[in-house]
Amino acid sequence: MGNVGIVIVSHSPDVARGTADMVRQMVGEEVPLAWCGGASEGGLGSSVEAIAAAIDRAWSEKGVAILVDLGGAELNSEMAVELLPHERRGKVVVCNAPIVEGAVIAATEASGGASLDEVRRTAEELSPA
Amino acid sequence: MLTHAVGLHARPSVKLTKLAKTFGASIEFGLSGSGPWIDAKSIVKVMATKVPQNSTLHFRATGQDAGAAVQALIDLVERDFDEGAMNGEA
Amino acid sequence: MDITEATRRALIERVAGSVILHADELTSLDQAIGDGDHGINMKRGFEAVLTDLDRLAAMPLPEALQAVGMTLVMKIGGASGPLYGTLFMELGKSLPDVPGFADVTIAFEAAIAAVKRRGKSDAGCKTMLDVLIPVLETLKSGQPGSAGRLPAVAAAAAEATRPMKAVRGRASFLGDRSIGHVDPGARSSALMISAICKTLEAAA
């Protein structure tokens, strides 16, 4: 069944790519990983289409955890999840965690074969209650 | 003895946690032989411990593969997390 | 009220036109308390809607609203994309092909509830909801001529966000410094309400 996938969504493509690099270097190759950043026509922002495509690239039957930076990235990610085909929708979560630390920690947890719920809970341990 | 240049920082923490997770035993470590004990499989707790350089890590484990787990973790620390060569580089 | 294809076309043109016309104003409002992209994002979204005008106007009203919402979700890019997208899509889901006054009120209430859920927000947080909710209250009051008062209600409600302190969205990072500026989302909502009401009035 593989490991839970990780999707990184930032307003900035550079931040998203850099975060993904950190995950790859610190955690390794065993976690499906995809990133997207920036508005559909360039500049800072987030695009539902790009998020949906990233979910697809990082897809795992065990599910996908999304890490986001600021408000628009979160709302667009939630929107992208809702627009997924029904059978996938329940297997994707947006984590309430800081993007860089959350991505590394979620990927570490995922690399050990944890469930989507465990991955999310571990990433969210970082957030102030 | 933890000789890693920056102490048990993010990347070594990830390696330690990932290795611990490969064992069935429950594994803890502490900065002294009497605790407090930290769950070595919890990446958040391992990172939050902020183990400084030159600390001595104590491991304890319970479960079927406890002996192998402790040995593997000690080896990892003694190998300087396989990244000694990276220390001191820009 | 039968909203004909010509009226649907006029609604799309007027709403999109008003947002595009005021894009610079929306951007300058957002530069004060947000990240300065509201105008350009909304303009991009509604320009995309206009390129599809013929197809959208030919659709039955509920489908047209859902298609507009989807275009806004895909093209706006910022937080406004999912928020306005949700508003239009939910209106489309709730309205019948030929809505009466009561249908509009019910659909608008459902759409506002969906925006609240999407934005995890409510009245008084210095957002678009601070325009949409007073407009809904006016509709629900059902007093004669209440529909004609909506543009004024919306404009006053947008202006009333000026002394508010933002607690949702990017502006919330500013805390007290968000006070003294009209919320850009409230302003864009008021522009749309005004364009819709004036178009329907002219068509009636």
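Scroll up to find the structure.
Residues numbered from 1 in each chain as written. Chains lettered and ligands numbered in written order. Predicted model: local features only at pLDDT ≥ 70, side-chain atom pairs only at ≥ 80, totals over all residues. Heavy atoms only, no water.

### Overview of the overall build of chain C
We count it as follows: Comment: elements are numbered from the N terminus, with helices defined as DSSP H or I runs of at least four residues and strands as E runs of at least two. We compute the radius of gyration over the C-alpha atoms and compare it with the globule rule, which gives 2.2 Å times the number of residues raised to the power 0.38. Accessible surface area values rest on a Shrake-Rupley calculation with a 1.4 Å probe, where residue burial reflects the displayed protein chains alone.
Of regular secondary structure, chain C possesses 10 helices and zero strands. In chain C, the order of α-helices and β-strands from amino to carboxyl end is α-α-α-α-α-α-α-α-α-α. Here the C-alpha radius of gyration of chain C, 16 Å, is about what a compact globule of 204 residues would show, namely 17 Å. Overall size of chain C, expressed as C-alpha extent along the three principal axes, is 45 × 40 × 30 Å. Accessible surface, chain C as shown: approximately 8,500 Å² in total, 58% of it carbon and sulfur.

### Considerations on the pattern of salt bridges
Residue and element names in this part refer to chain C. So the rule is basically this: Any carboxyl oxygen of Asp or Glu within 4 Å of a side-chain nitrogen of Lys or Arg constitutes a salt bridge here.
This structure, assessed with the given rule, holds 20 salt bridges over all chains. Its salt-bridge partner being Arg55, residue Asp52 comes within 2.7 Å of it at the nearest N-O pair. Among the salt bridges present, the one from Glu90 reaches Lys93, with a minimum N-O distance of 3.9 Å. Residue Glu90 and its partner Lys93 are both found in helix H6 (residues 80-94); the two are separated by three residues, about one turn of the helix.

### Looking at the interface of chain B and chain A
To keep things clear, this is the line we draw: In this analysis, two residues are considered to be in contact whenever any of their non-hydrogen atoms come within 4.5 Å of each other. Here the buried area means the combined drop in accessible surface, using a 1.4 Å probe, for two parts upon being joined, counting both sides. Polar contacts, as counted here, are pairs of nitrogen or oxygen atoms within 3.5 Å of one another; within protein the pair requires one atom able to donate a hydrogen and one able to accept it, and residues that are adjacent in sequence qualify only if both atoms are side-chain atoms.
Chain B puts 11 residues into the contact, and the matching count from chain A is 14 residues. For the chain B and chain A pair, buried surface summed over both sides reaches about 980 Å², with 67% attributable to carbon and sulfur atoms. Contact with chain A buries surface across chain B, with B:Lys18, B:Lys21 and B:Val44 losing the most and accounting together for 49% of the total. The tally of links between chain B and chain A comes to two salt bridges. The partner of A:Glu109 in a salt bridge is B:Lys21, with the nearest N and O atoms 3.0 Å apart. Our count for the chain B to chain A interface comes out at three residue pairs in polar contact (both at pLDDT 80 or more). Counting residues per element, the ones that place at least two in the side of chain B that touches chain A are helix H1 (10-21) and helix H2 (43-49) of chain B. Counting residues per element, the side of chain B that touches chain A draws most heavily on H1(B), at six residues.

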